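Letter by letter, the chains look like this.
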Amino acid sequence: MSEGREREFSWDDVIEHDGADFVLLPAGDYPFEVISLERGRHGGSEKLPPCPKATLGIKLTATDGSEATVQHNLFLHSKCEGILCAFFTSIGQRKHGERMTMNWNAVVGARGRCKVKVEDWKDKEGNIKQSNRIQKFYEPEEGQTTGTAWKPGAF
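Engineer: Break down the overall build of the protein chain for me, citing the residues and quoting the values.
Structural biologist: Broken down by element type, the protein chain carries 1 helix and 5 strands. Reading the helices (α) and strands (β) of the protein chain from amino to carboxyl end gives β-β-β-α-β-β. Buried positions account for 32% of the 155 residues belonging to the protein chain. The contacts in the protein chain between residues at least 6 apart in sequence include a share of 50% that link residues at least 24 apart. Within the structure as shown, the protein chain displays about 10,900 Å² of accessible surface, and the carbon and sulfur contribution to it stands at 47%.

Shown next, in the form of structure tokens:
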């Protein structure tokens, strides 16, 4: 199996990769890289009607080099336009206040900076678990590079 390439298994396939250990980073500001994008559809909820949804796999990198991967949903609806603008500004596709067409083909590999929080949740058995969640995307600071040219330590 090729590294980083997803595929379905047949019933008699050989398996070997245990998967990465779960890493919980403390709340704070982190550089990130978008490592995957899946287009889907939000079925609607009490707060948001049905709309297209982008599910991003985002790799966070701590100053000590440890990494965590989180899933983050971006909803393509006018109620969420502010977070869409913040995301595309963070990865350098947009300047604050600028109109732009979202370029989803350039999202995987893009880099930026975000604020992460630790969120508590209950599993099916009622046990309290914790996970990281992106709270906010930051605009690049003056002189910072974003997109695929960004390098760890630049923040």
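Next, the rest of the story.
Engineer: Go over the environment of G28 with me, naming the residues and quoting the values.
Structural biologist: Position of G28 among the secondary structure elements: in strand β1 (residues 28-42). Those residues in contact with G28, other than ones at most four positions away along the chain, are C114, K115 and V116.

Engineer: I'd like a rundown of the packing of aromatic side chains, residues and numbers included.
Structural biologist: Summed over the entire model, instances satisfying the criterion amount to 4 aromatic pairs. Ring plane angle 65° and centroid distance 5.5 Å describe the contact between F32 and F137, whose orientation is recorded as edge-to-face. With a gap of 105 residues between them, F32 in strand β1 and F137 in strand β5 (residues 128-138) connect regions that are remote in the sequence. Ring pairs connect the aromatic residues F32, F87, F88, W104 and F137, which therefore count as one cluster.

Engineer: Describe the pairing of strand β2 (residues 51-61), naming the residues involved and giving the relevant values.
Structural biologist: In terms of burial, β2 is a largely internal element, 8 of the 11 residues being buried. Two strands pair when backbone bridges link them, and β1 and β2 are joined in this way by 10 bridges, in the antiparallel orientation. Note that in β2 the partner of E33 across the bridge is K59. Inspection of the sheet shows β2 paired to strand β3 (residues 67-75) by 9 bridges, in the antiparallel sense.

Engineer: Describe the pairing of strand β4 (residues 111-122), listing the residues and the values that go with them.
Structural biologist: Pairing analysis gives 6 bridges linking β1 to β4, with the strands arranged antiparallel. Bridging from a neighbouring strand, Y30 pairs with C114 of β4. With 10 bridges joining them, β4 and β5 adopt antiparallel strand pairing. By the bridge assignment, E119 is partnered in β5 with S131. Here β4 folds back onto β5, and the loop between the two strands holds 5 residues, one of which, G126, carries a positive phi near 85°.

Engineer: An account of the state of the cysteines is requested, with residue identities and associated values reported.
Structural biologist: A complete count under the given rule lists 0 disulfides for this structure. C80 forms no disulfide, and the closest cysteine sulfur to it belongs to C51, at a distance of 6.4 Å. Under the relative-accessibility criterion, C80 is labelled buried at 15%.

The rules behind each value
Residues numbered from 1 in each chain as written. Predicted model: local features only at pLDDT ≥ 70, side-chain atom pairs only at ≥ 80, totals over all residues. Heavy atoms only, no water. Helix = DSSP H or I, 4+ residues; strand = E, 2+ residues; numbered from the N terminus. Buried < 20%, exposed > 50% of the residue type's maximum accessible area, 1.4 Å probe, protein only. Contact = heavy atoms within 4.5 Å. Areas by Shrake-Rupley, 256 points an atom, 1.4 Å probe, with all protein chains shown as cover. Phe/Tyr/Trp six-rings, centres within 6.5 Å; stacked < 30°, edge-to-face > 60°. Pairing = 2+ DSSP bridges. Disulfide = S-S within 2.5 Å.

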